[in-house]
Amino acid sequence: MQAIILAAGKGSRMGELTNDRAKPLVLINGTPLIETVIRNLYLMGIRHTIIAIGYMGDDVRNVLGISYEEMKIEYVVNEQYESTNNIYTIWKCKSFLEKDDSLIIEGDLFFDPIIVEKIIKSDKDNIIVVSEFIRWMNGSTIIERMDGLFEFCKTKAGDKTGS
């Protein structure tokens, strides 16, 4: 299994924190967000990671290099990061997706590594992990319907969707 880390966006919702650095390089307790993601993936046995970069991508590449411990790191560039979204960025990674099972994760997340372990050990073909809806967030939301299926919708801060 390999990981594809989405790290192309500008991080405009983070305000001045991303004026002079890429969102995944924002420091939390002195460590770039993306380094925590990579460390957690490594701890769960991932040894190949593709990082999709865009905004200030050279900075991301310079900080992370081509490996972490025994994990190989490769890069895919989304030159159109300002006018596209994560779906396009994933499409840019399609040649890697065709080669191996892939864990797709955003480069600015905090997560318990046990989640990755559960995904790796699962016998399911496809798994999606989402967090609970929080009203102050903008973005995509998944809503479980009465029939057990899910719907995706866009939300804006303050929406009552998901409450």
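This text follows the structure it describes.
What counts and what doesn't
- Numbering of residues begins from 1 in every chain and follows the order in which that chain's sequence is written.
- Note on the predicted model: pLDDT of at least 70 is required for a residue's local features to be given, and 80 or more for side-chain atom pairs to be given and counted; whole-chain, interface and lining totals, by contrast, use all residues.
- Side-chain numbers come from the whole structure's heavy atoms, not from hydrogens or water.
- Within this document, salt bridges are pairs made up of a side-chain nitrogen of Lys or Arg and a carboxyl oxygen of Asp or Glu, the two lying within 4 Å of each other.
- Here a strand is any run of E in DSSP of at least two residues, a helix any run of H or I of at least four, and the numbering for each starts at the N terminus.
- Joining through side-chain atoms within 4.5 Å is the link that ties buried Ala, Val, Leu, Ile, Met, Phe, Trp, Tyr and Cys residues into a set, and such a set is a nonpolar core.
- When accessible area is computed with a 1.4 Å probe and restricted to protein chains, residues below 20% of their type maximum are described as buried, those above 50% as exposed, and intermediate ones as partly exposed.
- Contacts are residue-level and defined by heavy atoms, with any inter-residue pair within 4.5 Å sufficient.
- Strands were regarded as paired on the criterion that DSSP finds at least two bridges between them.

*Asks:* What is the right way to look at the pattern of salt bridges in this model?
*Replies:* Pairing of side chains with opposite charge becomes possible as their charged atoms draw close. Counted by the stated rule, this structure contains 5 salt bridges. Here Glu79 and Lys92 are joined by a salt bridge, their closest N and O atoms 3.4 Å apart. Of the two residues, Glu79 sits in the loop between β6 (71–77) and α3 (86–92) while Lys92 sits in helix α3, which places them 13 residues apart along the sequence.

*Asks:* Any chance you could explain the nonpolar core here in plain terms?
*Replies:* For soluble globular proteins, the rule of thumb is that nonpolar side chains tend to be buried together. Counting 23 residues, the largest nonpolar core has Ile5, Ile34, Ile38, Leu41, Ile51 and Val60 as its most contacted members. In terms of residue count, the dominant contributor to this core is helix α1 (residues 33–43) (5 residues). Contacts of Ile38, omitting those with residues within four sequence positions, involve Ile5, Ile51, Leu64, Tyr68, Met71 and Ile73.

*Asks:* How do you make sense of the pairing of strand β4 (residues 48–53) when you look at a structure like this?
*Replies:* A regular strand places its side chains so that they alternate between the two faces of the sheet. Burial within β4 is extensive, with 5 of its 6 residues counted as buried. Two elements, strand β1 (residues 2–7) and β4, share 5 bridges in a ladder whose sense is parallel. Residue pairing in the sheet places Ile5 in a bridge with Ile51 of β4. As paired strands, β4 and β6 are joined by 6 bridges and run parallel to one another.

Note that all results are geometric; they support no functional claim without further evidence.
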